[in-house]
Amino acid sequence: MGFEGAELAVVPLDSEQAEDATVAGAKAANLARAAVAGLPALPGFVLVPVRRGPGARSGADAVRSAWRSLAGPEGQERPLVVRSSSAHEDTEESSMAGRFESVLDVRGWEDFTTAVQTVLDSARRVRPLRPPQDTPEDDGMAVLVQPMLTSAVGGVMFGADPVAGRTDRILVSAVRGGPDQLVDGSTQGVRYQLTRMTRLVRTEPAEPRGERLLSHRQRVRLVQLAKQTERVFGGPQDMEFGFDAEDRLWLFQARPITAMAARPPRGARLLGPGPVAETLPGVLQPLEEDLWVTPMSRGLTLALDIAGAAPRRRLRRLPLVTTVEGRAAADLQLLGAVPSAHPVLDFINPGPGARKAGAAWRVGRLRSALPMLAVDLMADTDRALADFPPPGEMLSGQLLDAVAWGRQSLSSLHAQESLAGALLGAGTGATSAGEALAELAEGRSRDLTDEQLVERHPVLLALLPPTLGDRAPLPQQTGWTTVPRGVGALPVREGLRLRIRWVQEMQAQMVREMTRRLGPGECHLGLSRLSLLRWEELVKAADGGGLPADLAGRQPRQDTGPLPAAFRLADGRPVAQLPPGHRTSGEGQGAGGGFGTGTAWDGHGQRPDHAVLVVRSLDPALAPLLPGLAGLVAETGSALSHLAVLAREYRVPTAVGVPGAVDRFPAGTALTVDGGTGAVTADDSTDAATEAAMTRDTTRDTTREEPAA
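Residues numbered from 1 in each chain as written. Predicted model: local features only at pLDDT ≥ 70, side-chain atom pairs only at ≥ 80, totals over all residues. Heavy atoms only, no water.

1. Side note on the overall build of the protein
Next up, step 1: Summing up its helical and strand segments, the protein has 19 helices and 24 strands in all.
Next up, step 2: Looking at the protein residue by residue over its 709 residues, the buried ones come to 51%.
Next up, step 3: Summed over its atoms, the accessible surface of the protein is roughly 31,700 Å², and 51% of this surface lies on carbon and sulfur atoms. (Helix = DSSP H or I, 4+ residues; strand = E, 2+ residues; numbered from the N terminus. Buried < 20%, exposed > 50% of the residue type's maximum accessible area, 1.4 Å probe, protein only. Areas by Shrake-Rupley, 256 points an atom, 1.4 Å probe, with all protein chains shown as cover.)

Here is the structure:
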């Protein structure tokens, strides 16, 4: 005998003891509750440690008797399934899906004892990813024994859509045969999205109407089972099911859905990095946000108002540009970066036409006046910047005044730069970045340092993003042969963009100097702490009001990767969306987890930073690799498989059913994974800083949407 039967007690699945998860484990307890409620659960028994089953029959003879009652007469034993029922799995906090062993098609006493020992051993071999407190790891395992049902069609059903976060949908993934081939990730199956009224919303992949794997009658019965199970357990459940050869429906497992994706509220704004990421591409700390994002938002709002591109009520309600996870993002619909979701309603709505008619006179006069206004603004900006003494020679109050002037100036510069792009076009085609690259090519031949180059040619700041921290290095190789022509040769829009960057750099220099003066002594305030202040807090500290009491506990914003191209916020987190008029390529199925970018990794060798695991199938043995992954891509498998469930719990962006993923995305490939749509995109660029700047120059006028006059 492969285990000590004397140490085990037999708890029948239809007994009151079996409904107690502390005795029988969550999996068995859920099935016991389902059976009592009249749901179609198979009979069986649970083997538990003797101390957890007081009053239950125990010992080797009791175990053998229970096995015989289920397996049938000697020589004609029916196949059984021996499954784990751990205190660590199938809970509201953690599913531990597929982490412990289950053994199928167990025939005969010797195979049965070996299977029981295999399940018990898995409790000692597998460490729970989120172990409940005060629960010994090897004391939480019970063994569930049931008849092995041969399913004609089986699968997994969620009483809600965990990928889209929709409680008004029921998600079913089905295969021919038992659900084991689906949950182990070896088979993708057919996904059905159903309403709670049993209407079929869609299937993936598409099926001919007369050749569907699940008939209409079967889908109706599954929806009924989902509703009944929800009533029994008090919420939508993650279920395994099977239809036998007589088309009877059986419930194999029911557990809480552990990782429902957050769903954006109705009317949530469509946001995206869009045109603003060009100016502010990196992660911004709170003070950087107040210095640069707030003025940008004010300036673009003013430009849209002047152009009559949006109603003032909407412009005043929410900031046009905000930050999400530290990155700048704009309202794409207000900026006109995406088509309207209701073009017909817009066509018959007289409001936009009346608003633009009222703005036409302003815009008509502005088109002719803007070049001179912009020249005056640039001249005023240059004069003010030149008049500032070196930061080290300024009083602290003067430093603060210079930063405040910069915030006001940036609003005007952003407004005119946006209007110039809409009303004046590209001009000569020259760009500030192109001029900077030309200057850099000449400067490199003189062996000048980066500091010397920037000091002699401030136009080089166009190649660097603004930051209160250390300035990034300039590109080493430019590959640029154009002759520099001077800042005065730039068109109006590019000249304004360059002044924006100069004002931002002036503010950074002033703030760095203030850092050396604020908070001396025991509470010395470094730049990393100063950048965590809001603008109002910095003003208060400069006026002698002291620093915020919670400043020591604040943490810098971390880089969690780029934002999706278009998203809506749900509980403060971005949820990728397809913009109006766009459709997914259909290459993969989204399995949730959000949106992520990183480097492809096959699970072998050294793990790269921000690894995106790319595999053939969703093997539950890969579960220990999930924490910290930037993404998960699989060629086969279902969004409802064990590993996909675990990935959602760890917020790992996951795409399944991606054809040829392992061959298409070898280790080291830069990948973007959208867990909502299933889109996986490879970045083929080597992306040198110069190449990025050159690309930005040649595409910015077609990618940056401006308000229409």
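2. Here we look at the pattern of salt bridges
Next up, step 1: Under the criterion given, the structure shown has 31 salt bridges.
Next up, step 2: Notably, a salt bridge pairs Arg534 with Asp290, separated by 2.7 Å at the nearest N-O pair. Taken together, the residues Arg534 in the loop between α15 (527–530) and α16 (535–542) and Asp290 in helix α6 (residues 286–307) connect sequence positions 244 residues apart.
Next up, step 3: Residue class for Arg534 comes out partly exposed when judged on its relative accessible area of 27%. (Salt bridge = Lys/Arg side-chain N within 4 Å of Asp/Glu carboxyl O.)

3. Topic: the pairing of strand β10 (residues 200–204)
Next up, step 1: Of the strand pairs in this sheet, strand β9 (residues 190–195) and β10 are connected by 4 bridges, and their pairing is antiparallel. Counted as the bridge partner of Tyr192 is Thr203 from β10. (Pairing = 2+ DSSP bridges.)

4. Examining the nonpolar core
Next up, step 1: Membership of the largest hydrophobic core comes to 67 residues, with the highest contact counts inside it found for Leu287, Leu291, Val321, Leu460, Leu463, Leu474 and Leu538.
Next up, step 2: With 10 residues, helix α14 (residues 492–515) is the single largest residue contributor to this core.
Next up, step 3: With residues up to four places along the chain from it excluded, the contact list for Leu287 reads Leu468, Val511, Leu530, Ser531, Leu533, Arg534, Trp535 and Leu538. (Core = buried A, V, L, I, M, F, W, Y, C linked by side-chain atoms within 4.5 Å. Contact = heavy atoms within 4.5 Å.)

5. Points about helix α2 (residues 60–71)
Note: α-helices contain 3.6 residues per turn, so residues at a spacing of three or four share the same orientation.
Next up, step 1: In a regular helix each residue adds 1.5 Å, so 12 residues correspond to 16 Å; α2 covers 16 Å between its end C-alpha atoms and thus fits that length.
Next up, step 2: Restricting attention to buried positions, one finds in α2 the residues Ala62, Val63, Ala66, Trp67, Leu70 and Ala71. Angular distribution of buried residues about the axis of α2 spans 160°; they occupy a single face of the element. In α2, the exposed positions angled more than 90 degrees off the buried face are occupied by Asp61 and Ser69. (Expected span 1.5 Å × (residues − 1). Arc of directions from axis to C-beta.)

6. Some details on the packing of α6 against α14
Next up, step 1: Relative orientation of the contacting elements α6 and α14 amounts to 145°, with a least axis distance of 11 Å. At the point where α6 passes α14, the crossing takes the right-handed sense. Judged by residue contacts, Leu287, Leu291 and Trp292 of α6 engage Gln504, Gln507 and Val511 from α14.
Next up, step 2: In terms of residue class, the contact of α6 with α14 is built from 4 nonpolar, 2 polar and no charged. (Axes fitted to C-alpha atoms, helices over the stretch in contact; angles between N-to-C directions. Left-handed = near helix turned anticlockwise from the far one by under 90°. Nonpolar A, V, L, I, M, F, W, Y, C, P; charged D, E, K, R; others polar.)

7. Some points on the confidence of the model for the protein
Next up, step 1: Averaged over every residue, the pLDDT of the protein is 82; the share at 70 or more is 83%.
Next up, step 2: Ranking the helices and strands of the protein by mean pLDDT puts helix α5 (residues 216–233) first, with 96, and helix α19 (residues 689–703) last, with 34.
Next up, step 3: Low pLDDT, under 50, characterises residues 347–351; the stretch is placed with 0 contacts to residues that sit more than four places away or in other chains.
Next up, step 4: Below a pLDDT of 50 lies the segment residues 685–709, which in the model reaches 53 contacts outside its immediate sequence neighbourhood of four places, other chains included. (pLDDT = per-residue confidence, 0-100.)

8. Some points on the packing of helix α11 (residues 396–423) against α16
Next up, step 1: Here α11 crosses α16 at 155°, and the two axes come no closer than 11 Å. The angle between α11 and α16 falls in the class roughly antiparallel. Viewed along their axes, α11 and α16 form a crossing whose handedness is left-handed. Between α11 and α16, the contacting residues are Leu400, Val403, Ala404 and Arg407 on the first element and Trp535, Leu538, Val539 and Ala542 on the second.
Next up, step 2: Residue classes in the contact of α11 with α16 are distributed as 7 nonpolar, no polar and 1 charged. (Parallel < 35°, antiparallel > 145°, perpendicular 65-115°, else oblique.)

9. Comments concerning the packing of aromatic side chains
Next up, step 1: If you walk through the whole model with that rule in mind, you get 5 aromatic pairs.
Next up, step 2: Here the aromatic rings of Phe241 and Phe243 are separated by 6.1 Å at their centres, their planes lie at 75°, and the arrangement is edge-to-face.
Next up, step 3: For Phe243, a relative accessible area of 1% corresponds to the buried category.
Next up, step 4: Through a chain of ring-to-ring contacts, three or more aromatic side chains come together here, namely Trp67, Trp109 and Phe112.
Next up, step 5: Stacked on the ring of Trp109, the Lys or Arg Arg64 has its end atom at 4.6 Å from the ring centre. (Phe/Tyr/Trp six-rings, centres within 6.5 Å; stacked < 30°, edge-to-face > 60°. Lys NZ or Arg CZ within 6 Å of the ring centre and 35° of its normal.)

10. Some thoughts on the pairing of strand β8 (residues 169–176)
Next up, step 1: The element β8 is largely enclosed, with a buried count of 7 among its 8 residues.
Next up, step 2: With 6 bridges connecting them, strand β7 (residues 153–158) and β8 associate as antiparallel partners. From the neighbouring strand, Phe158 faces β8, where its bridge partner is Leu171.
Next up, step 3: Sheet topology note: the β8/β9 ladder contains 6 bridges and is antiparallel.

11. Thoughts on α5
Next up, step 1: Taking 1.5 Å as the rise per residue, α5 with 18 residues should run 26 Å; its terminal C-alpha atoms sit 26 Å apart, in good agreement.
Next up, step 2: Of the residues making up α5, those classed as buried are Gln218, Arg219, Arg221, Leu222, Val223, Leu225, Ala226, Thr229 and Phe233.
Next up, step 3: Just downstream of α5, Gly234 is the residue with a positive phi angle, here 85°.

12. Things to note about the sheet that holds strand β22 (residues 654–656)
Each strand in a sheet pairs with its neighbour through backbone hydrogen bonds, running either in the same direction (parallel) or in the opposite one (antiparallel).
Next up, step 1: Strand order across the open sheet formed by 7 strands is β18-β22-β21-β20-β19-β23-β24, with mixed pairing between neighbours. Sheet topology places β18 (589–590) and β24 (680–683) at the edges, where each strand pairs with a single neighbour.
Next up, step 2: Sheet analysis places strand β20 (residues 611–615) next to strand β21 (residues 631–634), joined by 4 bridges and oriented parallel. The partner of Val615 across the bridge, within β21, is Ala634.

13. Focus on empty space enclosed by the protein
Next up, step 1: Summed over the entire model, instances satisfying the criterion amount to 1 cavity of 30 Å³ or more.
Next up, step 2: Put simply, the largest cavity is a space of about 50 Å³. (1 Å grid on protein atoms, 1.4 Å probe; cavity = no way out; pocket = protein on both sides within 12 Å on 5 of 7 lines; lining within 4 Å. Points joined across faces, edges and corners; volume = space filled by probe spheres on them.)

14. Comments concerning the environment of Asp244
Next up, step 1: Position of Asp244 among the secondary structure elements: in the loop between β11 (237–243) and β12 (249–256).
Next up, step 2: In the structure, Asp244 is positioned 92 residues away from Ala152 in sequence and 5.3 Å away in space, judged by C-alpha atoms.
Next up, step 3: Of note is the side chain of Asp244, whose polar atom sits 3.1 Å from the side chain of Trp250. (Polar contact = N/O pair within 3.5 Å; in protein donor to acceptor, adjacent residues only side chain to side chain.)

15. Structural notes on the sheet that holds β10
Next up, step 1: With respect to topology, 6 strands assemble into an open sheet ordered β10-β9-β8-β7-β11-β12, the strand pairing being antiparallel. Strands at the two margins of the open sheet, each flanked by one partner only, are β10 and β12. Going across the sheet, the axis of each strand differs from the next one's by a mean of 20°, ignoring polarity.
Next up, step 2: Most of the contacts of α5 go to β11, to which it runs at about 140°, and overall it touches β7, β8, β9, β10, β11 and β12.

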